[in-house]
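# Structure assessment
Residue strings, one per chain:
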Amino acid sequence: MIELKEITKIYENGAPGLNDVSLTINSGEFVFIVGSSGSGKTSFVRLLLKEIEPTKGKIIIDGKDVSKINRRDMPFFRRKMGVVFQDFRLLRNKTVYENVAFAMRIVEATNKEIRRTVPQVLHLVGLTKKAKAYPNQLSGGEQQRVSLARAIINKPPILIADEPTGNLDPDTAWDIMMLLNDINNLGTTVVVATHARDIVDDMQKRVVALGEGKVLRDTENSGYIFHNQEPTDILQEIGITHEIGIPEETGSTQEADTE
């Protein structure tokens with residue numbers, strides 16, 4: 001699903017990002033990317049999203065060499081990945097419902113599809129009663145739930161979360177990780193860049209530790225069921241499983257994040 005082959009990233013000011021990193025993340029895995037400030041976590045995420053280009057090496061996602069994807073095809077490429085950020089990146093002039101629906105409008109979903117799917121996803125993340133609220137009326141945890149709903153609404157096979165619990169209290173952070181785990185249990189590949197050591201330790205997933213741009217440790221604990229939680233029926237109902245593909249229309253949720 002995701003393969004980094006001898007990736008090195010050196011920025012224009014000479015600062016190193018990643019240094020000869022080779023790594024494979026298989027379809028359906030849940031992987032934590034951890035490390036202190038300056039370890040390479042941010043570079044790792046930005047390279048996956050093709051926000052920056054590697055100085056050398058190749059990144060293969062879903063069998064495609066990312067370096068060969070041109071600007072015209074970028075919206076199609078980014079539809080393969082839902083993205084959750086620490087700072088939420090919600091559209092401030094739109095309600096919760098409209099923020100999530102906007103991600104579907106980008107891929108030209110029909111009004112009927114939007115009316116059916118958005119309430120289901122809002123229920124999944126516990127925001128049914130907040131559908132008409134604006135971001136400035138929500139707590140940090142609620143805003144992150146909107147961000148997560150928007151990231152999964154178009155059923156991407158890969159979900160990337162960049163410090164998703166960084167601005168949240170411990171209980172709320174735990175709830176967000178439970179949602180991410182439920183999504184992963186149904187086959188979505190989940191990559192989480194984080195410094196939340198307690199969450200990483202408790203969840204016992206694969207951990208890739210970075211330091212000075214290099215992989216210092218890569219360990220995997222398999223067969224552990226997170227708090228014995230079963231995947232939510234709603235996830236199955238809206239089709240977020242490894243068997244579901246990506247719509248062929250143009251657009252991307254990533255573009256919605258930048259508006």
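What comes next is a walk through the structure.

Scoring rules and cut-offs
Residues numbered from 1 in each chain as written. Predicted model: local features only at pLDDT ≥ 70, side-chain atom pairs only at ≥ 80, totals over all residues. Heavy atoms only, no water. 1 Å grid on protein atoms, 1.4 Å probe; cavity = no way out; pocket = protein on both sides within 12 Å on 5 of 7 lines; lining within 4 Å. Points joined across faces, edges and corners; volume = space filled by probe spheres on them. Helix = DSSP H or I, 4+ residues; strand = E, 2+ residues; numbered from the N terminus. Nonpolar A, V, L, I, M, F, W, Y, C, P; charged D, E, K, R; others polar. Core = buried A, V, L, I, M, F, W, Y, C linked by side-chain atoms within 4.5 Å. Buried < 20%, exposed > 50% of the residue type's maximum accessible area, 1.4 Å probe, protein only. Contact = heavy atoms within 4.5 Å. Expected span 1.5 Å × (residues − 1).

### Digging into the layout of surface pockets
- Of the pockets and cavities examined, the largest pocket occupies roughly 290 Å³.
- In this structure, the largest pocket is lined by 16 residues; those nearest its centre are Val34, Arg197, Val200, Val207 and Arg217.
- Elements with a contribution of two residues or more to the lining of the largest pocket: α7 (197–203), β9 (206–211) and β10 (214–219).
- For the lining of the largest pocket, the class distribution of residues is six nonpolar, six polar and four charged.

### Some remarks on the nonpolar core
- If you look at the biggest cluster of nonpolar residues, it comprises 47 residues, and the most contacted ones within it are Phe32, Leu159 and Leu180.
- In terms of residues, this core owes the most to one element, helix α6 (residues 170–185), which gives eight residues.
- With near-sequence residues (within four places) excluded, Leu159 lies in contact with Gly82, Val83, Val84, Leu148, Ala151, Ile152, Leu180, Ile183, Thr188, Thr189, Val190 and Val191.
- Ranked by size, the runner-up nonpolar core spans 30 residues in total, among them Leu49, Val66, Ala193 and Leu210.

### A look at helix α4 (residues 111–124)
- The end-to-end C-alpha separation of α4 is 20 Å, in line with the 20 Å expected for 14 residues at 1.5 Å each.
- Of all the positions in α4, only Ile114, Thr117, Val118, Gln120, Val121, Leu122 and Leu124 are classed as buried.
- Immediately beyond the C-terminal end of α4, within one or two residues, lies Gly126, with a positive phi of roughly 75 degrees.

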